[in-house]
Amino acid sequence: MTKPGMDLDWPFFDTRHRMLGRELESWAAANLGPSHGDDVEAEVRALVSKLGHAGFLGLTIADGALDVRSLAIARSTLSYHSGLADFAFAMQGLGSGAISLFGTARQRAQYLSQVASGQSIAAFAMTEPATGSDAAIISTTATRDGDDYIINGEKTYISNGAIADVITLFARTGEADGARGISAFILPGDTPGLEVAERIEAIAPHPLARLTLTGVRLPSSAILGAPGEGFKVAMQTLTLFRVTVGAAALGFALRALDEAIVFSNNRKLGLGTLADNAVTQANLAEMATAIDASALLIARAAWAQDKGDGDNRRAAAMAKLHATEEAQRVIDMAVQLHGGMGVTKGSMVESLYREIRALRIYEGASEVQRVIIARDLLKEHAA
Ligand SMILES: Cc1cc2nc3c(=O)[nH]c(=O)nc-3n(C[C@H](O)[C@H](O)[C@H](O)COP(=O)(O)OP(=O)(O)OC[C@H]3O[C@@H](n4cnc5c(N)ncnc54)[C@H](O)[C@@H]3O)c2cc1C
């Protein structure tokens, strides 16, 4: 009998994935617990260091191609045990992903081993107060000054923004209008002119910040990829990590299902338990089916990404859209099944209910995923 979720015996996976799944599951069960929520910056620092020591952050960097299946397995396993541990792991990857994919040998040597060891915390800074979903219209500027760039602007909702040692920053260099006039930079967290303007409190506590950049000076060697190609750098990085957001949602949903099964087996109802009730059983069946459908979409998208041929945007968008939306529904069903306990602060399903919400918004809101899927379908039909 297989459990719901990603079955590592599926043909999408190789031996190394099965080994990783087993190793990380036993490490996470022994080392991770609930977040205290009072100092999430310190908690994330400690988690990054712990994950680095255990060797798992090596999965978040690469000389060119990242192994998306490994990232997906890691995220679904970590999120099952701790949303903050998943966040700490994921941000090392998203924050440094553009360096892995587009960095020169020198840039990779300078930054990546410290990200993998957990000595450096990474961040990805695209969103601005006036625009999130439409990244092509960002207005932070990087103006050429001799061999340097001077950067001015504001970034918001930046995960790890206040604690990052290395930030992938997107700014307008003006080679063309819109998307073609943006470049990606590597910004060290201690660069003069970079300030934390605000720490943002989210419903599920994570380190989030608004940053201001005033006369920040970076050498042209800090550019990732070519000038004017920053939008491409961002989209390729986001497409790759999008699948893993789905995987994090999958871990949350699986945890909710497990909690719901344990609760309904123990909760008395009439002469039996909640689990004996046909309505409960129908709900559990629906939850498990939604989870397995997400797992299959994630496995397919991660496998396609690792194969490396063709355009995998549609598969990645479907995986993120379905897994995050369905995880929200599954978790809501688990909350309902728990009755009053479901909305009691500190219960596992209550914290999952808060954790899942942002995943339907960041790294491309669900509506944006639908646009990506539909445009791709229509393009295919027109061809
Ligand atoms: C917890 C959290 C962590 C984050 N971390 C980072 C980070 O590390 N780095 C970073 O750069 N950003 C980060 N973000 C920002 C995130 O990427 C943006 O919030 C997201 O892109 C949406 O942008 P916005 O908030 O400006 O909403 P808007 O772009 O104003 O969109 C508002 C809503 O409009 C709808 N919408 C948007 N586009 C379309 C469309 N094309 N068609 C139909 N409807 C649409 C969606 O429902 C969307 O939620 C984070 C956000 C959160 C909540």
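Look up: the structure comes first, before these words.
Residues numbered from 1 in each chain as written. Predicted model: local features only at pLDDT ≥ 70, side-chain atom pairs only at ≥ 80, totals over all residues. Heavy atoms only, no water.

## Comments concerning the pairing of strand 5 (residues 182-188)
Here comes step 1: The buried count for strand 5 comes to six of seven residues, which makes it a mostly enclosed element.
Here comes step 2: With seven bridges connecting them, strand 4 (residues 166-172) and strand 5 associate as antiparallel partners. From the neighbouring strand, Ala171 faces strand 5, where its bridge partner is Ser183.
Here comes step 3: Looking at chain direction, strand 5 and strand 8 (residues 223-224) are connected through two bridges and run antiparallel. (Buried < 20%, exposed > 50% of the residue type's maximum accessible area, 1.4 Å probe, protein only. Helix = DSSP H or I, 4+ residues; strand = E, 2+ residues; numbered from the N terminus. Pairing = 2+ DSSP bridges.)

## Focus on helix 3 (residues 68-81)
Here comes step 1: Between its first and last C-alpha atoms helix 3 spans 20 Å; for 14 residues at 1.5 Å apiece the expected length is 20 Å, and the two agree.
Here comes step 2: With 14 of its 14 residues buried, helix 3 lies for the most part within the structure. (Expected span 1.5 Å × (residues − 1).)

## Quick word on the side chain of Ser120
Here comes step 1: Note on placement: Ser120 falls in the loop between helix 5 (105-117) and strand 1 (122-125).
Here comes step 2: Once you skip the residues sitting within four places of it in the chain, Ser120 turns out to touch Gln92, Gln114, Val115, Asp165 and Val166. (Contact = heavy atoms within 4.5 Å.)

## Here's the deal with unusual backbone geometry
Here comes step 1: Backbone geometry at Tyr157 places phi at a positive 55 degrees, although glycine is not the residue there.
Here comes step 2: Phi at Asn160 takes a positive value of approximately 65 degrees, unusual for a residue other than glycine.
Here comes step 3: Among the secondary structure elements, Asn160 is positioned in the loop between strand 3 (148-159) and strand 4.

## Digging into the site of the ligand
Here comes step 1: Around the ligand sit 19 residues in total, of which Phe124, Thr127, Ser133, Tyr157 and Ser159 are the nearest.
Here comes step 2: At 2.9 Å, a side-chain N or O of Ser159 approaches a nitrogen atom of the ligand.
Here comes step 3: Against a free-state accessible area of 970 Å², the protein chains account for coverage of 65% of the ligand.
Here comes step 4: When residues of the shell around the ligand are traced back to their parent elements, those giving at least two are strand 1, strand 3 and helix 10 (366-382).
Here comes step 5: If you tally residues by element for the shell around the ligand, the top one is strand 3, at three residues. (Near = heavy atom within 4 Å. Polar contact = N/O pair within 3.5 Å; in protein donor to acceptor, adjacent residues only side chain to side chain. Areas by Shrake-Rupley, 256 points an atom, 1.4 Å probe, with all protein chains shown as cover.)

## Focus: the environment of Gly251
Here comes step 1: Position of Gly251 relative to the elements: it lies in helix 6 (residues 230-266).
Here comes step 2: Residue classification places Gly251 among the buried residues on the basis of a relative accessible area of 0%.
Here comes step 3: Residues Gly251 and Pro188 lie 63 residues apart in sequence; the distance between their C-alpha atoms is 32 Å.
Here comes step 4: Among all residues touching Gly251, those that are not within four sequence positions of it are Ser76, Ser79 and Tyr80.

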